[in-house]
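Structural overview for review
What follows is the residue order along each chain.
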Amino acid sequence: MTAGPSSLPEDAADSLPGGPLDVIVIGAGPAGLTASIYLARYHLRIAVLDAGRSRAATIPRTHNHAGYPNGIAGTELLGLMTEQAERHGVRVERAVVEKIALEDGLFTVASADATWNARSVLLATGVVNNPPPLAPELHDAALARGLLRYCPVCDGYEVTDQRIGVIGHGERGLGEARFLRSYSSDVTLIGWPDGHGLDEAQQDSARELGIALAPAKCESLHLDGERIMVNCGGQSLGFDTIYPALGSVIRSELAISLGAACNDEGCLIIDTHQRTSIAGLYAAGDVTKGLDQISHAMGEAAVAATAIRNDLAGQAPLLR
Ligand SMILES: Cc1cc2nc3c(=O)[nH]c(=O)nc-3n(C[C@H](O)[C@H](O)[C@H](O)COP(=O)(O)OP(=O)(O)OC[C@H]3O[C@@H](n4cnc5c(N)ncnc54)[C@H](O)[C@@H]3O)c2cc1C
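The rules we used
- The numbering scheme is per chain: residues are counted from 1 as the chain's sequence reads.
- Whole-chain, interface and lining totals are the exception, using all residues; otherwise, since this is a predicted model, local features are given only for residues with pLDDT of at least 70 and side-chain atom pairs are given and counted only at 80 or more.
- Water and hydrogen atoms play no part in the side-chain values, which are based on all heavy atoms of the structure.
- Note on conventions: DSSP H or I runs of at least 4 residues are helices, E runs of at least 2 residues are strands, and numbering of each starts at the N terminus.
- Here the globule rule reads 2.2 Å times residues to the power 0.38, and the radius of gyration is calculated from C-alpha atoms.
- Each accessible area is a Shrake-Rupley result for a 1.4 Å probe, and residues are judged covered by the shown protein chains and nothing else.
- When charges are counted, neither His nor the chain ends are considered; positive counts come from Lys and Arg and negative counts from Asp and Glu.
- Charge positions are represented by NZ for Lys, CZ for Arg, CG for Asp and CD for Glu.
- Buriedness for pockets is judged along seven lines, at least five of which must meet protein on both sides within 12 Å for an open set on the 1 Å grid over protein atoms alone, while cavities are sets there where a 1.4 Å probe fits but cannot get out, and lining residues have an atom within 4 Å of a point.
- Grid points are joined across faces, edges and corners, and a volume is the space filled by probe spheres set on the points.
- Following the grouping adopted for this structure description, the nonpolar residues are Ala, Val, Leu, Ile, Met, Phe, Trp, Tyr, Cys and Pro, the charged ones are Asp, Glu, Lys and Arg, and the polar ones are all others, Gly among them.
- Domains are outlined according to an automatic or database domain assignment.
- Scored from 0 to 100, pLDDT records how confident the predictor is in each individual residue.
- A contact between two residues is defined here by any heavy atoms of the two lying within 4.5 Å.
- Summary of the burial criterion: residues with accessible area below 20% of their type's maximum are buried, those above 50% are exposed, and those between are partly exposed, where the area comes from a 1.4 Å probe applied to protein chains only.
- Salt-bridge detection follows one rule: a side-chain nitrogen of Lys or Arg within 4 Å of a carboxyl oxygen of Asp or Glu.
- DSSP-based pairing: two strands are paired if at least 2 bridges between them are found.
- To define axes, lines are fitted to C-alpha atoms, for helices over the stretch in contact only, and angles between the resulting N-to-C directions are given on a 0 to 180 degree scale.
- What makes a crossing left-handed is the near helix being turned counterclockwise from the far one by less than a right angle; a clockwise turn instead makes it right-handed.
- The criterion for a disulfide is a pair of cysteine sulfur atoms lying within 2.5 Å.
- This arc is taken over the directions from the axis of the helix to the C-beta atoms.

A closer look at the overall build of the chain
Helix and strand counts for the chain come out as 8 helices and 16 strands. In terms of C-alpha radius of gyration, the chain reaches 22 Å, essentially the compact-globule figure of 20 Å for 320 residues. With the principal axes as the frame, the chain shows a C-alpha extent of 65 × 40 × 35 Å. Surface exposure of the chain reaches about 14900 Å², of which carbon and sulfur atoms provide 51%. The centroid of the 24 positive side-chain charges in the chain is displaced by 5 Å from the centroid of its 38 negative side-chain charges.

Right, here's the structure in full:
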């Protein structure tokens, strides 16, 4: 058996030689691509479906992903992983999965114009960051230039001793500012969409830590040369970089539609082998609760792929 991803006409998967696929991987970011490489190397028949919006593609250059001493752009890393998957017969299909159903142990996954059937599904759909008030074209330009950043764990090191603004609210905003305080003595918390929303005790804590609080909520952002400017209360504050701390949309809705358990934020709850609460449905990467990092996504994907292989082998021997 080979990895046989394919774009199938409606209901055609049932007529595939050998019956339904072994696995459908939804999402081709670091998690989905890693899983695809493992699954193909286990000689499983898979489809890989991807909407083409990996968060990794927005990383100008990662410097904390081991193995790349000079760093690597997110698009280049994804390109190399895709090439590695393709060398094992995988073809990543551009498709937005809209529906998933489960009947008698068989999953049916549907986009607007095709369906796929498989005995198991790996959800590797990631998350989408909630953006600050910045026009989309300025947002992407700011991201590319490091004036806007979303991940202090990833790139706080790169802004050591710089002037940092955190746009956020309440404990989430304060927590991010506190984290960044270990990189710079110049950290300001700016409230959005309302004020900073800190109670007296939290404001005292911010003062003790040397975190400045902006005088008013953020009204808008714009770029000015090498700085990103925050307009608040008639003032324009300039920063070397801004970290929005506005949370994310967890792309777990397909699993939840099947009844999979998730936490309050919407992250899928998984066991130590990446199994969700639905038999045959697995999850890996940012869509689960954990450190939202490339290495973590890849590690979870390796565990998921191996669990899928072993669970399938438990149902029927996998014989060459
Ligand atoms: C600006 C920025 C910088 C970062 N820097 C770093 C860094 O330096 N180091 C680091 O380790 N991490 C970094 N990260 C985090 C890293 O990008 C993520 O942890 C990683 O991409 C998670 O991989 P994933 O495969 O779980 O999700 P993603 O990479 O987001 O991939 C999910 C894929 O699933 C697809 N998908 C979603 N829903 C569907 C659907 N219904 N049908 C089909 N496809 C679907 C999406 O389109 C996407 O292609 C950064 C993130 C950002 C935003």
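Concerning the layout of surface pockets
Its volume calculated, the second largest pocket comes out at about 720 Å³. Along its surface, the second largest pocket is lined by 26 residues, and Tyr150, Arg172, Glu176, Ser248 and Asp292 are the ones closest to its centre. For the lining of the second largest pocket, the secondary structure elements donating two or more residues are β7 (127-129), α4 (152-155), α5 (170-180), β14 (241-245) and β15 (248-250). For the lining of the second largest pocket, the leading source of residues is α5, giving 3 residues. When its residues are assigned to classes, the lining of the second largest pocket shows 12 nonpolar, 7 polar and 7 charged. Counting residues domain by domain, the lining of the second largest pocket receives three or more from each of domain 1 (12-128 + 247-315) and domain 2 (131-245).

Considering the confidence of the model for the chain
Here the chain averages 93 in pLDDT, and 94% of its residues register 70 or above. A low-confidence stretch, residues 1-15 stays under pLDDT 50, and its non-local contacts, those more than four residues away or across chains, total 43 contacts.

Looking at unusual backbone geometry
Keep in mind that most residues, glycine aside, have a negative phi and that most peptide bonds are trans. Omega for the bond connecting tryptophan 192 with proline 193 falls within 30 degrees of zero, at 5°, which places this linkage in the cis form. Relative to the assigned elements, proline 193 resides in the loop between β9 (187-191) and α6 (200-209). Phi is positive for aspartate 104, which is not a glycine, with a value near 50°. If you check the backbone angles, aspartate 161 has positive phi at about 65° while not being a glycine. Tracing the backbone through its elements, the reader meets aspartate 161 in the loop between α4 and β8 (164-168). Aspartate 161 gets classed as exposed once you look at its relative accessible area, which sits at 65%.

Concerning the pattern of salt bridges
On inspection of all chains with the given rule, the structure shows 14 salt bridges. The closest approach of N and O atoms between arginine 178 and glutamate 171, which form a salt bridge, is 3.3 Å. Classification of arginine 178 by relative accessible area gives partly exposed; the value is 35%. A relative accessible area of 41% means that glutamate 171 is categorised as partly exposed. Where arginine 227 meets aspartate 240, a salt bridge forms, and the shortest distance between an N and an O atom there is 3.6 Å. Taken together, the positions of arginine 227 in strand β12 (residues 227-232) and aspartate 240 in the loop between β13 (235-239) and β14 put the pair 13 residues apart, joining distant regions of the chain. A relative accessible area of 32% places arginine 227 in the partly exposed class.

A few points about the sheet that holds β9
Across the sheet, which stays open at both edges, the 4 strands sit in the order β10-β9-β8-β14 with parallel pairing between neighbours. Taken across any chain shown, the strands that pair with only one partner, and hence form the sheet edges, are β10 (211-213) and β14. Each strand of the sheet is rotated relative to its neighbour by a mean of 25°, with strand direction disregarded. Note: β9 against β10, 3 bridges, orientation parallel. In the sheet register, threonine 188 faces β10, and the bridge partner there is alanine 212.

Details of the packing of helix α1 (residues 30-41) against helix α8 (residues 294-315)
In a packed pair of helices, the relevant descriptors are the angle between the two axes and the axis-to-axis distance. Look at α1 against α8: their axes get within 8 Å of each other, and the N-to-C directions meet at 35°. The element α1 and its partner α8 pack so that their crossing is right-handed. Of the residues in α8, those in contact with Pro30, Ala31, Thr34, Ala35, Tyr38 and Leu39 of α1 are Ile294, Ala297, Met298, Ala301, Ala302, Ala305, Thr306 and Ile308. The residue makeup of the contact of α1 with α8, split by class, is 12 nonpolar, 2 polar and no charged.

Observations concerning the state of the cysteines
Under the defined criterion, the tally for this structure stands at 1 disulfide. Cysteine cysteine 218 shares no disulfide, and the gap to the nearest cysteine sulfur, in cysteine 232, comes to 6.8 Å. We classify cysteine 232 as buried; its relative accessible area is 0%.

Quick notes on helix α3 (residues 136-144)
Along α3, the residues that are buried comprise His139, Ala142 and Leu143. Seen from one end, α3 has its buried residues packed into an arc of 100°, which puts them on one side. Exposed positions of α3 whose direction lies more than 90 degrees from the buried face are Glu137 and Ala144. The elements touched by buried residues of α3 are β11 (218-224) and β12.

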